[in-house]
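# Descriptive structure summary
Letter by letter, the chains look like this.
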Amino acid sequence: MDIIQVVILALIQGLTEFLPISSSAHLILPSQLLGWPDQGLSFDVAVNTGSLLAVVIYFRHELYNMAKAWLASIIKRQSSNESQLAWWIILATIPAVFFGFMAKGFVETHLRSASVIAFTTIVFGLLLWWADKHSRLALTEYQSGWRKSLIIGFAQALALIPGTSRSGITMTAALMLGLTREAAARFSFLMSVPVSLGAAILVVKDLAESPEPLDMQALLLGTSISFVAAYACIHYFLKIISRMGMTPFVIYRLLLGVGLCVFIALHS
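Right, let's walk through the structure included here. Fair warning: this is a prediction, and the values are worked out from it, not measured in the lab. Counting of residues starts from 1 at the beginning of each chain's written sequence and follows it residue by residue. Local features in this predicted model are restricted to residues whose pLDDT is 70 or higher, and side-chain atom pairs enter the listing and the counts only when it is 80 or higher, whereas totals over whole chains, interfaces and linings include all residues. Computation of side-chain values covers all heavy atoms of the structure but excludes hydrogens and water.

### Looking at the overall build of the protein
To be explicit about the condition: Where helices and strands are cited, they refer to DSSP runs of H or I of at least four residues and of E of at least two residues respectively, numbered from the N terminus. Using C-alpha atoms as the atom set, the radius of gyration is obtained and then compared with a globule rule of 2.2 Å times the number of residues to the power 0.38. Burial classes: relative accessible area under 20% of the type maximum marks a residue as buried, over 50% as exposed, and values in between as partly exposed (1.4 Å probe, protein chains only).
Tallying secondary structure elements over the protein gives 11 helices and zero strands in all. When the elements of the protein are put in sequence order from the N terminus, they spell out α-α-α-α-α-α-α-α-α-α-α. In terms of overall dimensions, the protein is globule-like: its C-alpha atoms have a radius of gyration of 18 Å, near the 18 Å expected for 268 residues. Taking the principal axes of the C-alpha coordinates as reference, the protein spans close to 55 × 40 × 35 Å. Sorting the 268 residues of the protein into buried and exposed places 47% on the buried side.

### Description of the pattern of salt bridges
Condition: A pairing counts as a salt bridge when a side-chain nitrogen of Lys or Arg comes within 4 Å of a carboxyl oxygen of Asp or Glu.
If you walk through the whole model with that rule in mind, you get two salt bridges. With a closest N to O distance of 2.6 Å, Asp132 and Arg181 form a salt bridge. Separated by 49 residues along the polypeptide, Asp132 in helix α6 (residues 114-134) and Arg181 in helix α9 (residues 181-208) bring together distant segments of the chain. Glu141 is paired through a salt bridge with Arg186; the nearest N and O atoms lie 2.8 Å apart. Of this pair, Glu141 sits in the loop between α6 and α7 (145-157) while Arg186 sits in helix α9, and the two are 45 residues apart along the sequence. A relative accessible area of 6% means that Glu141 is categorised as buried.

### Some thoughts on the packing of helix α4 (residues 60-75) against helix α5 (residues 81-110)
The following threshold applies: With axes taken as lines fitted to C-alpha atoms, and helix axes fitted only over the stretch in contact, angles between N-to-C directions fall between 0 and 180 degrees. Here the angle decides the label: under 35 degrees means roughly parallel, over 145 means roughly antiparallel, 65 to 115 means roughly perpendicular, and every other value means oblique. Residue contacts follow a heavy-atom distance rule, with two residues in contact if any of their heavy atoms lie within 4.5 Å. Charged residues are taken to be Asp, Glu, Lys and Arg, nonpolar residues to be Ala, Val, Leu, Ile, Met, Phe, Trp, Tyr, Cys and Pro, and polar residues to be all remaining types, Gly included.
At a minimum axis distance of 7 Å, the contact between α4 and α5 shows a crossing angle of 95 degrees. Relative to α5, the element α4 is oriented roughly perpendicular. Within the contact between the two elements, α4 uses Asn65, Met66, Ala69, Trp70, Ser73 and Ile74 and α5 uses Glu82, Ser83, Leu85, Ala86, Trp87, Ile89 and Ile90. Here the residues of the contact of α4 with α5 are counted per class, giving nine nonpolar, three polar and one charged.

### Remarks on α6
Where we set the bar: A helix is expected to reach a length of 1.5 Å times the quantity of its residues less one.
With 21 residues, α6 should reach 30 Å at 1.5 Å per residue; the first-to-last C-alpha distance of 30 Å fits that figure. All of the buried residues in α6 are Ala114, Val116, Ile117, Ala118, Thr120, Thr121, Phe124, Gly125, Leu128, Ala131 and Asp132.

### Quick notes on helix α1 (residues 3-16)
Here α1 is 14 residues long and its end C-alpha atoms lie 20 Å apart, about the 20 Å a rise of 1.5 Å per residue gives. Every buried residue of α1 is accounted for by Gln5, Val6, Leu9, Ala10, Ile12, Gln13, Gly14 and Thr16.

Below you can see the structure in the form of structure tokens.
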């Protein structure tokens, strides 16, 4: 990859990872539409590491308190809001881990195409709009409970399909279950930590077995840009989501999906 491609792909990862518009779809599209070379496993690890660092640092106080309370719930049998939320995040992660192992090969072989992305972008965008317009918007993430958390976890597993959007589908499920927009976003962002960490470990394992050469300059640049973009995205998204709602992202998804349909029709 040249420097322009590195910058653009790192920005795409950082800006779309936590917005409800699907980062995986946007990372696939440059190769599908522009003929760019595949960025490779090492670059995927780098930009995902940047996004993971961004969410961990942004929520460092919440994550520290949750980890401390979670350990206290095991060692001292002490229950608190933070320990319960930690257990719910762990529970919500299980479906994605299970289906990730079971369906990873099928998804990579059969579902990484512009037509699939066009379909899922439109369908799940409309579902997000419906959830945003018809939900109670009353509960905080500390009121989600284990049943709601597990449902959100199963929704997260759908994000294996490119174009679905991990953050989009988890926010959609959380909104349908009555969480406020801010709570839905925070729960989704916190859920991303164990999933992203697990995915990074698996990809590093694959990378260790791969003969792919490492371009350290491109990897460091990609990590840095992805980190800055993701951190800014989280910060401003949480500030504006209560006033703005999900409609702008739904409109973007519909335009992207329709544009992809037109592109596919013209090149079929």
